[in-house]
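A look at the structure
Now for the letters of each chain:
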Amino acid sequence: MPGISEKNFLYKMFSALACGVKGIMFWQYRAERLGCENNLSGLVNIDGTPKMVTALTADIGDLIKTHKTFFASAEPVYDRIGILYDLRSDMISRIESVGPGQWDFDTEDGTPGVYKHNFQGCYALLRDMHLIPQLIDSRNLAENIDKVDILFVPELFMPSHELLDILEQFISEGGKVVADSGFALRMENTWLNYPWPGGNGQRLFGCKVNNRTSCRYQLRKGKNIDLIASGFSSELEPLSPGTFPLASWDDGGYAAVGNEKSLLIGTAFGSAFLNGNSPGIAELLRKKLGNFLPKRDLPEKLYIRQLRSGEKYSTFIFNRSIKDHVVHIENKEIKISAGETIFLPPSQQIE
């Protein structure tokens, strides 16, 4: 934690609590020295004297103890929106796209693997749209699919047949799936299996991938959408009646196609958003899914999360903007300064 500010430290701690963790462990590996633990990054100074985070960790510990019964039983309040995590796809990405060093688990540009970067970006995109998605492991999808109406599936590189069957049944029962052109590039082995999307993907999305090209040396921009492709870009072709193009690349190829139940985007839209060059992705999702997405009138970069246990709720307010704001929660007007995090203790009301 070298150089971390008080506001950023509290943001990290309360973010974990707001996601439903049942405790926080503070750990200092060993005394400060040159190496991994330098820059005074521990909980105390090199001579054992306290510093800013020392008092804050004590305060957070006291807060958890005060509400320990609530935190032990509380669960996060989510929208009926999910993001699918798939271990097989993550492992394929790790094998193919990490850096050159012996212990290098980052890509050459420093991002934590193609899959993880896109996955993180998908969450950041939905967070900045003031949505509250739940993360679902593909190994547990069957027992959790009924918790969502919309499922985001970033770069599902190598799905199992069982997983594809669950997605098809989900769509047949009225669920909606949003994916990118990394969907089912492989099936039961690590070889690329064209045509794409593989498996039952063409049935799920009503389209096929005509070509998929690297964007490493040549940017590909959207024509009628504020989008710059990230990693790869794909040209999509609608196949089924009721599936229509929703966005195009600057050369006229289709960048996104959709129908009533699914949307396929021709690039890693999470990474494109996280790279800061594709605000049009949120606009596309609002246009396609607007009637099914919760609407929250909140300032940009201000997020609200809640925990629930029985009839009691606690509220976390995160202001990650550079402006002060006023929000109304539980019939109260709450002022929150730039970068501040506020915790409202458990109460009987929720807004």
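Residues numbered from 1 in each chain as written. Predicted model: local features only at pLDDT ≥ 70, side-chain atom pairs only at ≥ 80, totals over all residues. Heavy atoms only, no water.

When you line up the elements, serine 262 lands in strand β10 (residues 262–265). Given a relative accessible area of 2%, serine 262 falls into the buried group. A polar contact is formed between the side chain of serine 262 and the backbone oxygen of leucine 204, at a distance of 3.0 Å. Among all residues touching serine 262, those that are not within four sequence positions of it are Ile171, Val177, Leu204, Phe205, Val257 and Lys288. (Helix = DSSP H or I, 4+ residues; strand = E, 2+ residues; numbered from the N terminus. Buried < 20%, exposed > 50% of the residue type's maximum accessible area, 1.4 Å probe, protein only. Polar contact = N/O pair within 3.5 Å; in protein donor to acceptor, adjacent residues only side chain to side chain. Contact = heavy atoms within 4.5 Å.)

Ordered by their spatial adjacency, 4 strands build an open sheet running β1-β11-β12-β15, and the pairing between neighbours is antiparallel. The outermost strands of the open sheet, each flanked by one partner alone, are β1 (75–76) and β15 (341–347). (Pairing = 2+ DSSP bridges.)

For the rest of this paragraph, the subject is unusual backbone geometry. Peptide bonds are trans in most cases, and residues, glycine excluded, mostly fall at negative phi. Across the junction of tyrosine 194 and proline 195, the peptide omega takes the value 10°, indicating a cis bond. Summarising the element assignment, proline 195 is placed in the loop between β5 (176–180) and α8 (201–205). With an omega of -10°, the peptide bond between tryptophan 196 and proline 197 qualifies as cis. For proline 197, the position within the fold is in the loop between β5 and α8. Of note, the phi angle at glutamate 155 is positive, near 40°, even though the residue is not glycine.

The next point concerns the nonpolar core. Among the nonpolar cores identified, the biggest contains 61 residues, and Phe152, Phe183 and Leu285 are the most heavily contacted of them. No other element matches the 6 residues that helix α5 (residues 114–128) contributes to this core. Residues within four places of phenylalanine 152 in sequence aside, it is in contact with Ile81, Gly82, Ile83, Leu84, Cys122, Leu126, Val178, Phe269, Leu285 and Leu289. Ranked by size, the runner-up nonpolar core spans 22 residues in total, among them Tyr11, Leu63, Ala74 and Phe316. (Core = buried A, V, L, I, M, F, W, Y, C linked by side-chain atoms within 4.5 Å.)

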